[in-house]
Amino acid sequence: MSLSQWAANGWLKPHRTSRQEIENLLGIVRRDLDDAATDSISDDWRFGIAYNAALKLCTILLYAEGYRPAQGLAHYRSLQALPLILGESRKADADYLDACRAKRNAVEYDCAGGATSAEADELIAFARELQSVALAWLKSAHPELVP
């Protein structure tokens, strides 16, 4: 499927972004990655904050392509759009982030202590790598949006 097919299904809505909006979202990514790297909070929160950074990066990609997720399953759609935007080689990354989404929901809403330090560190490293990939893609595909 393509993003336009997702939009036809009602899963995405048109969205016109701006350089300022992208800059603001990148600021959230930087803040969240810095905050997640601290040892003064629980591993659950570190994991959740790192997840938020990765989600914002997926949101940036989707916004740059002219879409935002429709109501319902917004996180899921943002994550699953990753291979549609960056290529099928990113399918495993979308699946990993979806597993992180489920764990983040569990540690935020159901029970404490579900994320380990190693899992938080792994997600932080993944989000940092995705940040580099997303910025390179943005510079190539939508240079007018690069702050």
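Cut-offs used in this document
Residues numbered from 1 in each chain as written. Predicted model: local features only at pLDDT ≥ 70, side-chain atom pairs only at ≥ 80, totals over all residues. Heavy atoms only, no water. Helix = DSSP H or I, 4+ residues; strand = E, 2+ residues; numbered from the N terminus. Rg over C-alpha atoms; globule rule 2.2 N^0.38 Å. Contact = heavy atoms within 4.5 Å. Areas by Shrake-Rupley, 256 points an atom, 1.4 Å probe, with all protein chains shown as cover. Lys, Arg positive; Asp, Glu negative; His and termini not counted. Charge placed at Lys NZ, Arg CZ, Asp CG, Glu CD. Core = buried A, V, L, I, M, F, W, Y, C linked by side-chain atoms within 4.5 Å. Buried < 20%, exposed > 50% of the residue type's maximum accessible area, 1.4 Å probe, protein only. Expected span 1.5 Å × (residues − 1). Axes fitted to C-alpha atoms, helices over the stretch in contact; angles between N-to-C directions. Parallel < 35°, antiparallel > 145°, perpendicular 65-115°, else oblique. Left-handed = near helix turned anticlockwise from the far one by under 90°. Nonpolar A, V, L, I, M, F, W, Y, C, P; charged D, E, K, R; others polar. Salt bridge = Lys/Arg side-chain N within 4 Å of Asp/Glu carboxyl O.

## Focus on the overall build of the chain
Phase 1 of the analysis: The number of helices and strands found in the chain is seven helices and two strands.
Phase 2 of the analysis: Reading the chain from its N terminus to its C terminus gives the helix and strand order α-β-α-α-β-α-α-α-α.
Phase 3 of the analysis: Expected size for 147 residues packed as a compact globule is a radius of gyration near 15 Å; at 15 Å, the chain falls within 12% of this value.
Phase 4 of the analysis: Across its three principal directions, the C-alpha atoms of the chain cover 40 × 30 × 25 Å.
Phase 5 of the analysis: Intrachain contacts of the chain at a sequence separation of at least 6 include 72% that bridge at least 24 residues.
Phase 6 of the analysis: Put simply, the chain shows about 7300 Å² of open surface, and 51% of that area lies on carbon and sulfur atoms.
Phase 7 of the analysis: For the chain, the distance from the average position of its 16 positive side-chain charges to the average position of its 20 negative side-chain charges is 7 Å.

## As for the nonpolar core
Phase 1 of the analysis: Ranked by internal contacts, the top residues of the largest apolar core, which has 45 residues, are Ile60, Leu82, Ile85, Leu97, Leu123, Leu130 and Leu138.
Phase 2 of the analysis: Looking at this core, the elements that each hand over two or more residues are α1 (3-8), α2 (19-36), α3 (43-64), α5 (82-86), α6 (91-109) and α7 (117-141).
Phase 3 of the analysis: Ranked by residue count, the leading element in this core is α3, at 14 residues.
Phase 4 of the analysis: Every residue in contact with Leu138, bar those within four places of it in the chain, is listed here: Ile22, Ile60, Ala64, Pro143, Leu145 and Val146.

## Notes on α3
Phase 1 of the analysis: In this model, α3 (22 residues) spans 32 Å end to end at C-alpha, consistent with the 32 Å of a helix rising 1.5 Å per residue.
Phase 2 of the analysis: Across the 22 residues that make up α3, a large majority, 19, are buried.
Phase 3 of the analysis: Looking one or two residues past α3, Gly66 carries a phi angle of roughly 95°, positive in sign.

## Concerning the packing of α6 against α7
Phase 1 of the analysis: Their axes nearest at 12 Å, the elements α6 and α7 cross at an angle of 135°. As summarised for this structure, α6 and α7 are arranged oblique, according to the angle between their axes. For the element pair α6 and α7, the recorded crossing hand is left-handed. Where α6 approaches α7, its residues Asp93, Tyr96, Leu97, Cys100 and Lys103 are matched on the opposing element by Glu119, Glu122, Leu123, Phe126 and Leu130.
Phase 2 of the analysis: Tallied by class, the residues present in the contact of α6 with α7 amount to six nonpolar, no polar and four charged.

## Regarding the pattern of salt bridges
Phase 1 of the analysis: Counting across every chain of the model gives nine salt bridges.
Phase 2 of the analysis: Of the charged contacts, one joins Arg101 and Asp98 as a salt bridge, the two residues approaching to 2.7 Å between their closest N and O atoms. Separated by three residues within a single helix, Arg101 and Asp98 lie in helix α6, roughly one turn from each other.
Phase 3 of the analysis: Assessed through its relative accessible area of 19%, Asp98 is described here as buried.

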